[in-house]
Amino acid sequence: MKIVVCIKQVPDTSDIKWTENNTIQREGLESVMNPYDVYALEAALKLKKSYDNIEITTLSMGPLQAGDMLKKTLALGVDNAILLSDRKFAAADTYATGKTIGTAIKQKLPDFDLIICGQFAIDGDTAQTGPSIANTLNIPQVTYIQEIISSENGELKVRRELDDGTEIVKVKLPALICMLQDYFEPARARINGIIKAQNSEITTYGLDDIGLLPEEAGLRGSPTYVSKAFRPEPKNTECVFVNSAEELAEKIQICKGGKND
Amino acid sequence: MTKEILIYAEVTRDNYIHTVFFELANKAQELAEKLDEAEVNALLISPKGLAADYREAFKNSGISKIYVCEDDRLKTYSTEYFTKAAVEIAKEVQPEILLLGATNQGRDLAPRISTALHTGLTADCTGLDINEKGQLAATRPTFGGQLMATILCKNLPQMATVRPKVFKPAEKDNIKPADIIYKTVNLDEIEKKVELLEFHKKLTTEINELDSAEIIVAGGRGMKNADGFKLLKEFADKIGAAVGASRAAVEMGLASHDMQVGQTGKTVTPKLYIACGISGAIQHTIGMDKSEKIIAINKDEKAPIFEIADFGLAGDVFEILPELLKYKALTEDASWKKLP
Ligand SMILES: Cc1cc2nc3c(=O)[nH]c(=O)nc-3n(C[C@H](O)[C@H](O)[C@H](O)COP(=O)(O)OP(=O)(O)OC[C@H]3O[C@@H](n4cnc5c(N)ncnc54)[C@H](O)[C@@H]3O)c2cc1C
Ligand SMILES: Nc1ncnc2c1ncn2[C@@H]1O[C@H](COP(=O)(O)O)[C@@H](O)[C@H]1O
């Protein structure tokens, strides 16, 4: 079985600093592997442990520095890594990203069986790229997956966690799935993995290599564009501190709407 | 030609129209006024015979038309069938704007529709407006709520999803009988590749509690352990509140994921939100800062949660909650009395 894991490099959103003009200070911002993509990668590695003949390719679209992140995945037991990097891919929205990644997979990995994405990326947090890739490739998708239960006879059985309950779903491969989370410890690179990774090469493709036109990718290929970005207004409340549980009980009662005096 | 704003009317597993539809329908009336008096219409995908029953339910939404695709294969949600039905109808109707709730279903469906229609989709909007050029200006938080972005779309329909509870449904009865317009979509050629084998429903007491609760008592890492959450629950029961949690509390196994409030959890807007032992990280507050009143209990008086709270008590929750439990809220209009 051939698995493609889509991984995005994202800024660490818990460590954002602001410039004087209220824009995000990009210099010195740490880049990390999107946490949900760590789960996606883990799910693939777990399948590889449980079944024979599994080949994993990690794929990322982003600047050249995302190659370092992909090298780390090779150290974890991933077989190949592909970086889609081109100036013309820059500033893509989820439509253009889905189209670029989908087209790259169609061109370069046409015999894939399973694509695993994260459910969200923490920077944009749209949860749209996975379904958009699936639509571009015209394959089924299953989102909100908590666990891959089994993989047999060209079918995957998975558990979905939804707001109203849990679903057990069967999907025919090839398919795309989006991982919400799973209960496992992040894998640690084994020593020989690290050595192998240092000597390995990341395959990099640009726009021409995957046969897209400039107007189909990046900002030009994106139906949406940002017209304005701003920092949210801080809420204009002055917190009134009380000094005892008794006073707090009174405030709770007022806020409940029971008593208004 | 009259412009149309189309709103997806999600049917829940229990055959209700999801509340987010009514919230979007109400917001869309406002957009319609700025969009040459556009018509606000619904898109319903359901099994045979249900549309007529739903007509009553739609009365309050102020919509003009319900476009319906009815087929018994549409009994339970399936990405494949629902995408096909929605895409075909959208191609025919050619709405200016297409809105969906950012529910599990909406988030699964919307990006398939937008990709198939080669148009843009803005996820989880917290603000929708029509700009001076007549475009949908969709505002959403990014970077975990630390940056807001207003996004425009070059193609039609301009699509957006909005989480439940971000907008309010119409207050008074906006009664308008809607016309039902049946649309046939050929589903035969779709080979269904996804099959639902089992569904385990959450207990009804658990679901939607947070969504509909007037008061929420939420616990964070500061509640420390299971005993802490027991205390929290006891307090919540006493004042008739639902229990919510921060992600830290969920990760510690003190609460389940569906109790989580915030960026990767629920957005809630109760009358009163009482945060106990929660620091107030932006990823948490983005899901609760639109509550009418916020009360925070935290031993660190500098905790950011106090920046958005109306009332605060700087102290140890393990001392304050037992103390609060001594006050008994009687009926709605009674004041708090300390128990003997
Ligand atoms: C991509 C992403 C998505 C996220 N999504 C969410 C989300 O949806 N929801 C969410 O909540 N978080 C989310 N987070 C996590 C978020 O950043 C914070 O880490 C989390 O909200 C912290 O939870 P907390 O306030 O309970 O814990 P802490 O930040 O550890 O705060 C605990 C607080 O309890 C107080 N305390 C301790 N003991 C006591 C005591 N005895 N009495 C009174 N006070 C006490 C402390 O002073 C402290 O302020 C997300 C993070 C990321 C990166
Ligand atoms: N630039 C990218 N490169 C590789 N994978 C991506 C990229 N953008 C998004 N993805 C995948 O799509 C998922 C959802 O991302 P998003 O739609 O941005 O929330 C991520 O978890 C990744 O698996």
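Cut-offs applied
- Residues numbered from 1 in each chain as written.
- Chains lettered and ligands numbered in written order.
- Predicted model: local features only at pLDDT ≥ 70, side-chain atom pairs only at ≥ 80, totals over all residues.
- Heavy atoms only, no water.
- Axes fitted to C-alpha atoms, helices over the stretch in contact; angles between N-to-C directions.
- Helix = DSSP H or I, 4+ residues; strand = E, 2+ residues; numbered from the N terminus.
- Parallel < 35°, antiparallel > 145°, perpendicular 65-115°, else oblique.
- Left-handed = near helix turned anticlockwise from the far one by under 90°.
- Contact = heavy atoms within 4.5 Å.
- Nonpolar A, V, L, I, M, F, W, Y, C, P; charged D, E, K, R; others polar.
- Phe/Tyr/Trp six-rings, centres within 6.5 Å; stacked < 30°, edge-to-face > 60°.
- Buried < 20%, exposed > 50% of the residue type's maximum accessible area, 1.4 Å probe, protein only.
- Near = heavy atom within 4 Å.
- Polar contact = N/O pair within 3.5 Å; in protein donor to acceptor, adjacent residues only side chain to side chain.
- Areas by Shrake-Rupley, 256 points an atom, 1.4 Å probe, with all protein chains shown as cover.
- Buried area = accessible area lost by both parts, 1.4 Å probe.
- Salt bridge = Lys/Arg side-chain N within 4 Å of Asp/Glu carboxyl O.
- Pairing = 2+ DSSP bridges.

## A closer look at the packing of helix H3 (residues 94–108) of chain A against helix H4 (residues 129–137) of chain A
Residue and element names in this part refer to chain A.
Phase 1: It is at 8 Å that the axes of H3 and H4 come closest, and there the two elements cross at 50 degrees. The angle between H3 and H4 falls in the class oblique. Remark: the crossing between H3 and H4 carries right-handed chirality. Residues Thr-94, Tyr-95, Thr-97, Gly-98, Lys-99, Ile-101, Gly-102, Thr-103, Ile-105 and Lys-106 of H3 touch H4, and the partners they reach there are Thr-129, Ser-132, Ile-133, Thr-136 and Leu-137.
Phase 2: Residues of the contact of H3 with H4, tallied by class, amount to five nonpolar, eight polar and two charged.

## Concerning the packing of aromatic side chains
Phase 1: Applying the stated criterion to the full structure yields six aromatic pairs over all chains.
Phase 2: Both rings, one in Tyr-36 of chain A and one in Phe-120 of chain A, keep their centres 5.2 Å apart while their planes meet at 70 degrees; by these two values the pair is edge-to-face. Pair noted here: Tyr-36 of chain A is in helix H1 (residues 35–50) and Phe-120 of chain A is in the loop between strand S6 (114–118) and H4, with a separation of 84 residues, a long-range link. No difference in accessibility class separates Tyr-36 of chain A from Phe-120 of chain A, as the two residues are buried.
Phase 3: Their ring planes at 80 degrees and their centres at 5.2 Å tell us that Phe-21 of chain B and Phe-22 of chain B sit as a pair that is edge-to-face.
Phase 4: For Phe-21 of chain B, a relative accessible area of 0% puts it in the buried group.

## A look at the site of ligand 1
Phase 1: Around ligand 1 sit 27 residues in total, of which Arg-221, Ser-246, Thr-264, Ser-279 and Asn-298 of chain B are the nearest.
Phase 2: At the site occupied by ligand 1, the surrounding residues belong to chains A and B.
Phase 3: Contact between ligand 1 and Ser-279 of chain B: an oxygen atom at 2.7 Å from a side-chain N or O atom of the residue.
Phase 4: In the environment of ligand 1, an oxygen atom lies 2.8 Å from a nitrogen or oxygen atom belonging to the side chain of Gln-283 of chain B.
Phase 5: Notes on ligand 1: free accessible area 990 Å², of which the protein chains cover 84%.
Phase 6: Where the shell around ligand 1 is concerned, the elements lending two or more residues are helix H7 (247–251), helix H8 (282–285) and helix H10 (317–324) of chain B.
Phase 7: Split by residue class, the shell around ligand 1 holds seven nonpolar, 14 polar and six charged.

## With respect to the interface of chain B and chain A
Phase 1: Every contact between the two is made by 88 residues of chain B and, on the other side, 74 residues of chain A.
Phase 2: Summing both sides of the interface, chain B and chain A together bury roughly 7,000 Å²; the carbon and sulfur share of this comes to 56%.
Phase 3: Looking at the side of chain B facing chain A, the largest losses of area belong to Asn-104, Arg-112 and Phe-143 of chain B, adding up to 11% of the total buried there.
Phase 4: Run the count over chain B and chain A and you get four salt bridges.
Phase 5: The salt bridge partner of Arg-13 of chain B is Glu-167 of chain A, with a shortest N-O separation of 2.9 Å.
Phase 6: The tally of links from chain B across to chain A stands at 26 residue pairs in polar contact (both at pLDDT 80 or more).
Phase 7: When the residues that make up the side of chain B that touches chain A are grouped by side-chain class, the tally is 36 nonpolar, 26 polar and 26 charged.
Phase 8: Across seven bridges, strand S9 (residues 165–172) of chain A lies against strand S11 (residues 194–201) of chain B in antiparallel orientation. Note on S11 of chain B: the bridge partner recorded for Glu-167 of chain A is Phe-199 of chain B.

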